Amino acid sequence: MVMNNVPSAALKLSALGCRARPPAITALMKTALETPGLLSLAAGFTDNATLPVTAVAGALHGLAVGGSNQEFLQYGTNSGRPGLRTALAARLLRQDGCAAAAADTAAVAEMAGRFFITNGSQQALYLAIQTLCEPGDIVLVDRPSYFVFLELLGGLGVEARSLPVDAAGRLDPTALRAKLAAMRADGSRARLKAVYFVSWFSNPSGRTLDAAQVRELAEALRAEDCVIPVIEDAAYRELGYDEAAARLRPGVLGDAAWAGFPRLYTSTLTKPFASGLKVGYGVCDHEAWRSAMLHAKGHHDFGTANFAQAVLERALVDGAFDSQLVILRRAYREKRDALNTALEVGGLRARGWRWRVPEGGLYLWLEGPAGLDTGGASAFCRACLHEGVLYVPGELCHGDDAPKNTVRLSFGVLPPEKLAEAGARFCRAAAAVLA
Ligand SMILES: Cc1ncc(COP(=O)(O)O)c(C=O)c1O
């Protein structure tokens, strides 16, 4: 093919095209790649060493040799493989404490009918907002919140406002009621379209919402006449280091406090099995909203990769998925300990840093001394790069009113010995900046 030097024609992007921005951590990641020897605690990737290669090979072998036909290499349906939806529906009912329903074929089928399998749960989140919001609308989010969701909102022109929390980081229903009343008074309440939160071992904060907080959130919204769509993101529900953590309380779909709210529950098979398969799901109890999401999904891709779903269906049904979880829980606990110990031993607390040790997930959320700036252009960030360690600035994880002194550290990717080294480097940077 002959390339010529004719300049491309001027292009007028749509409003959405104009709003699309590179992810906020792109610049940091570029720095990471360009800095030899840098240890990254920034990426939310999973652990390479524990990825289930043998289990996937077994599933593939079963499909290719043991399967009765080639359908796993054919297009699937828009809402996803019936077998996968059924396996996930029974699992969700069990986790939500409905053992009887999980054993009842009709109840499982009803639940499976509310499922749609997506290209990662990220797609389900996108579909949710795309079908609910216009540019200028408002969504209430965790404080701090999952920053890729915040970017998604920004890309669709939607404003994120934080759910108020108290000094201990617990949701504050009284402050929320005051906030909603103020929004009614200033007219912005009419633009409030949904509430979103990550309920188990959150990204970025590692905290799990207990039953009381989730109930009080529903009560506060209801009391202020805000029975709006709720999006519960359970991406890390399976990654509690104690497997019982997933059953501590039901998700919003099984919680009477949320009856009457249009409910979407999203979760994923990436973090707890293989991120490269990129399969997640949404479960929605509101028919019109679910149909709209499915129609929009049809426009995106008319179905998530059938092949990846078939592998996961096998893994769920034959127990490989649960065996993998046992491996992951042990590995991530060990990695959390390696990073946490390095920070403790490095004297970070004595320098005024605070953090809680999460019982699941992939992240430590740190609050630095008041007045410290951890932003991407800060002296602290430069000190970390100088020491050879990278983190996510916490200011990226806030819908509004972002504090300057927080940091997300991910222990998903590096092995324990590298985490220990990365933690030591982080402590040296903290010491250098305060010195
Ligand atoms: C809180 C949260 N929700 C959703 C996702 C999306 O994950 P996936 O698209 O792999 O299912 C992530 C990924 O990091 C996440 O941290």
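Residues numbered from 1 in each chain as written. Predicted model: local features only at pLDDT ≥ 70, side-chain atom pairs only at ≥ 80, totals over all residues. Heavy atoms only, no water.

**A word on the overall build of the protein**
Keep this limit in mind: Helical segments are the DSSP runs of H or I of at least four residues, strand segments are the runs of E of at least two, and each set is numbered from the N terminus. For the radius of gyration, the atom set is restricted to C-alpha positions; the globular benchmark scales as 2.2 Å times the number of residues to the power 0.38. Buried residues are those whose accessible area, probed at 1.4 Å on protein chains only, stays under 20% of the maximum for their type, while exposed residues exceed 50% and partly exposed ones sit between those limits. For this analysis, residues touch if any pair of their heavy atoms sits within 4.5 Å. The method behind every accessible area is Shrake-Rupley, applied with a 1.4 Å probe, and residues are considered shielded solely by the protein chains displayed. In this tally, Lys and Arg are treated as positive and Asp and Glu as negative; His is ignored, and so are the chain termini. Throughout, a charge is located at the NZ atom of Lys, the CZ atom of Arg, the CG atom of Asp or the CD atom of Glu.
Along its length, the protein carries 15 helices and 13 strands. In terms of overall dimensions, the protein is globule-like: its C-alpha atoms have a radius of gyration of 22 Å, near the 22 Å expected for 435 residues. Expressed as lengths along the three principal axes of its C-alpha atoms, the size of the protein is roughly 65 × 60 × 60 Å. The buried share of the protein, taken over its 435 residues, is 51%. Long-range pairs, those at least 24 residues apart, make up 75% of the contacts in the protein between residues at least 6 apart in sequence. Of the roughly 18,800 Å² of accessible surface on the protein, a fraction of 58% belongs to carbon and sulfur atoms. One finds the centroid of the 45 positive side-chain charges in the protein at a distance of 2 Å from the centroid of its 43 negative side-chain charges.

**What about the site of the ligand?**
As a reminder of what qualifies: Think of it this way: one heavy atom of a residue within 4 Å of a molecule or strand is enough to make that residue near it. A 3.5 Å cut-off defines polar contacts: any pair of N or O atoms within that distance qualifies, except that in protein one atom must be a possible hydrogen donor and the other a possible acceptor, and neighbouring residues in sequence count only when both atoms are side-chain atoms.
Near the ligand you find 13 residues, and of these Ser121, Asp233, Tyr236, Thr268 and Lys278 are the closest. Measuring from an oxygen atom of the ligand, one finds a backbone N or O atom of Gln122 at 3.1 Å. Within the side chain of Thr270, a nitrogen or oxygen atom sits 2.8 Å from an oxygen atom of the ligand. Against a free-state accessible area of 390 Å², the protein chains account for coverage of 92% of the ligand. Element by element, the count of residues in the shell around the ligand is highest for helix H7 (residues 120-132), at three residues.

**Here's the deal with the packing of helix H4 (residues 82-95) against helix H6 (residues 105-112)**
The angle between the axes and the distance between the axes are what describe a pair of packed helices. The cut-off we apply is this: Working convention: axes come from line fits to C-alpha atoms, limited for helices to the stretch in contact. Angles between N-to-C directions cover 0 to 180 degrees. Working rule for angles: under 35 degrees goes down as roughly parallel, over 145 as roughly antiparallel, 65 to 115 as roughly perpendicular, anything else as oblique. Gly counts as polar in this scheme, as do all residues outside two lists: the nonpolar Ala, Val, Leu, Ile, Met, Phe, Trp, Tyr, Cys and Pro, and the charged Asp, Glu, Lys and Arg.
Interaxial distance between H4 and H6 falls to 8 Å at its minimum, and their mutual angle equals 110°. Relative to H6, the element H4 lies roughly perpendicular. Contacts from Arg85, Thr86, Ala89, Ala90, Leu92 and Leu93 in H4 reach Ala107, Val108, Met111 and Ala112 in H6. The residue inventory of the contact of H4 with H6, partitioned by class, reads eight nonpolar, one polar and one charged.

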